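Summary of the model geometry
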Amino acid sequence: MKDRILIIEDSEEIVKLLKDILTLRNFEIEYVFNGIEGISKVKENLYSLVILDLQLPDMDGFNVLEEIKKINSSLPVIVLTGFGTTENIVRAIKMGAEDFIEKPFEIEKFLISIDNVLKTLKLEKEVSKLRMIESILELNKSIITLSEPETLFDRIVSILENLYSPEKIGIYLYEQESKRFLLKKSKIKKLQKLTLFYPEKEIFPYFEKGNIVFLDETSGLNEIMIFLKGKEKSLGLISLSFKQDRKIKEEEIKFFTSLAIQISIGLENALLLDKIQESYINTIASLVKSLEAKDKYTKGHSEEVAKYSVLIGNNLGLTTEEIEILRDSSFLHDLGKLGIKDDILLKPTKLNKNEFDIIKQHPIITVEILSPLNLPKEIKEACLYHHEKIDGSGYPFGLKGKDIPLYAKIIAVADAFSAMTSDRPYRKRLILNEAFEELKKNAGLQFDEQIVEVFLNSINKIKEVI
Ligand SMILES: [Fe+2]
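Heads up: these notes are all about the structure in this document. (Residues numbered from 1 in each chain as written. Predicted model: local features only at pLDDT ≥ 70, side-chain atom pairs only at ≥ 80, totals over all residues. Heavy atoms only, no water.)

1. Description of the nonpolar core
Buried together is how nonpolar side chains tend to be arranged in soluble globular proteins. To keep things clear, this is the line we draw: Here the nonpolar core consists of buried residues drawn from Ala, Val, Leu, Ile, Met, Phe, Trp, Tyr and Cys, with membership extended through side-chain atoms lying within 4.5 Å. Here's how the labels work: a residue is buried when its accessible area is under 20% of the maximum for its type, exposed when over 50%, partly exposed in between, all with a 1.4 Å probe on protein chains only. In this description a helix means any DSSP run of H or I spanning at least four residues, a strand means any run of E spanning at least two, and both kinds are numbered starting from the N terminus.
Core analysis: the largest hydrophobic core is formed by 37 residues, its most contacted members being Leu370, Val413, Phe417, Leu439 and Phe455. Among the elements that line this core, the one with the most residues is helix 15 (residues 406-420), at eight residues.

2. Some details on the packing of helix 9 (residues 301-315) against helix 10 (residues 320-332)
What describes two packed helices is the angle between their axes and the distance between those same axes. The condition that has to hold: Orientation is described by axes fitted as lines to C-alpha atoms, over the contacting stretch for helices, and by angles from 0 to 180 degrees between their N-to-C directions. We call two directions roughly parallel when the angle between them is under 35 degrees, roughly antiparallel when it is over 145, roughly perpendicular when it lies between 65 and 115, and oblique otherwise. Crossings are sorted by hand: turned counterclockwise from the far helix by less than a right angle, the near helix makes the crossing left-handed, and turned clockwise it makes it right-handed. In what follows, residue pairs with any heavy atoms lying within 4.5 Å of each other are defined as contacts. Any residue outside Ala, Val, Leu, Ile, Met, Phe, Trp, Tyr, Cys, Pro, Asp, Glu, Lys and Arg is labelled polar, Gly included; the first ten of those are nonpolar and the last four are charged.
Close contact between helix 9 and helix 10 brings their axes to 8 Å; oriented N to C, the two are set at 155°. In this view, helix 9 runs roughly antiparallel relative to helix 10, as classed from their interaxial angle. Between helix 9 and helix 10 lies a crossing whose hand is right-handed. For the pair helix 9 and helix 10, the contacting residues are Ser302, Glu303, Val305, Ala306, Ser309, Val310, Gly313 and Asn314 in the first and Ile323, Leu326, Arg327, Ser330 and Phe331 in the second. Counted by class, the contact of helix 9 with helix 10 contains six nonpolar, five polar and two charged residues.

3. Some remarks on helix 2 (residues 35-44)
Note the threshold: As used here, the arc belongs to the directions running from the helix axis to the C-beta atoms. Throughout this description, a polar contact denotes any pair of N or O atoms lying within 3.5 Å of each other; where both atoms belong to protein, one of them has to be capable of donating a hydrogen while the other can accept it, and for residues adjacent in sequence the pair is counted only when both atoms sit in side chains.
Taken together, the buried positions of helix 2 are Gly35, Gly38, Ile39 and Val42. On an axial view of helix 2, the arc spanned by its buried residues comes to 95°, and they lie on one face. Turned more than 90 degrees away from the buried face of helix 2 sit Ile36, Lys43 and Glu44, all of them exposed. Buried residues along helix 2 sit against strand 1 (4-8), strand 2 (28-32), strand 3 (49-53) and helix 3 (61-71). With a side-chain oxygen positioned 3.3 Å from the backbone nitrogen of Ile36, the residue opening helix 2 is Asn34.

These values are about where atoms sit, not about what they do.
Here is the structure:
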């Protein structure tokens, strides 16, 4: 397809000269002799390039340039003038002109300029097309693999950052009850602030016409908002802020629009996944309870283990997030017993070797049950290794010392203490001091020494739990 060039020039002589030369060079040429017609041509047609004279009979050439860039900021313009002062050149370039040519001009130079502008434009288009395709593919991957909202937000932020390098990015989710768009994820360059929420009343009117709105902020930034709409309801919005001199190209707007649709699909999936995961966890929690309720001896065991574990975790100085992982792991650690027959699980007498081998499978079964969930791997590991012993005599893998994760070592102490201080069908519970002695005796063999020490230092709190 031929490149189409529009010439806006009042001199018939120059128009004829350019037209003849450029037609010979296989360009398609259109021309007008004034600014107003030039602007309406740009509005109605697609050109590869505009050649614009700054001295026109009806309008100042700079105003024409401004209008053209407003209509299509990515349309290249080569400016022609008889008065090429530095001031004019700088002004035209600042306003987005791609090149500046003084009259009278040498034809060869002119052709080189046109060639360069068109080559750069094509290259830019190719590169930006490639980057966009890459981003869409990357985003698609997250959508297809059903990421959690948090993972999807990270992906979206990194894609937008790489593509547009905005000053600020904010991902907002719409909250039905408060009727507000709440900030969920953000990335800002230094010294910028982000709005924490937008009330629905302020935002909805902007989106009546379409998916994207432009807001001028008093901070000197341009803000673009992309609306995210699900099948039946508003999901949220993404806000991108740019410095005012960063022109947003037409293809970028088109891309934002299609990105908004993709992100909305991904977000809807992610929110659904979050709900599914929540209900799966609730189901598991009730399973743990029902499992323990079958046996009066283990009723409430996991909850007690969780309390002892948290006690140890706090004394070891774990962070809030780590304590959370420890609590969840403790609560879930024996879940795999669901997969073991009741006649073994509830056997009132001591287990024989075969039966014990079956019991030894429960940490592995726990991890199998948890595998569809996107839980932190630390939780799965804590459950898998909670029967490993420091001296390597534990099960299911016989791991030793520092190969056993900290969470598993904490649960091992909490689990053993809870078991020792509860009645079992084949033995009475130990009194506290006996249980403490048992822990001490096995510190360094079965249990981690430091964990036992920390646990024994909290006697008063242990009594509270009991
Ligand atoms: Fe266990």
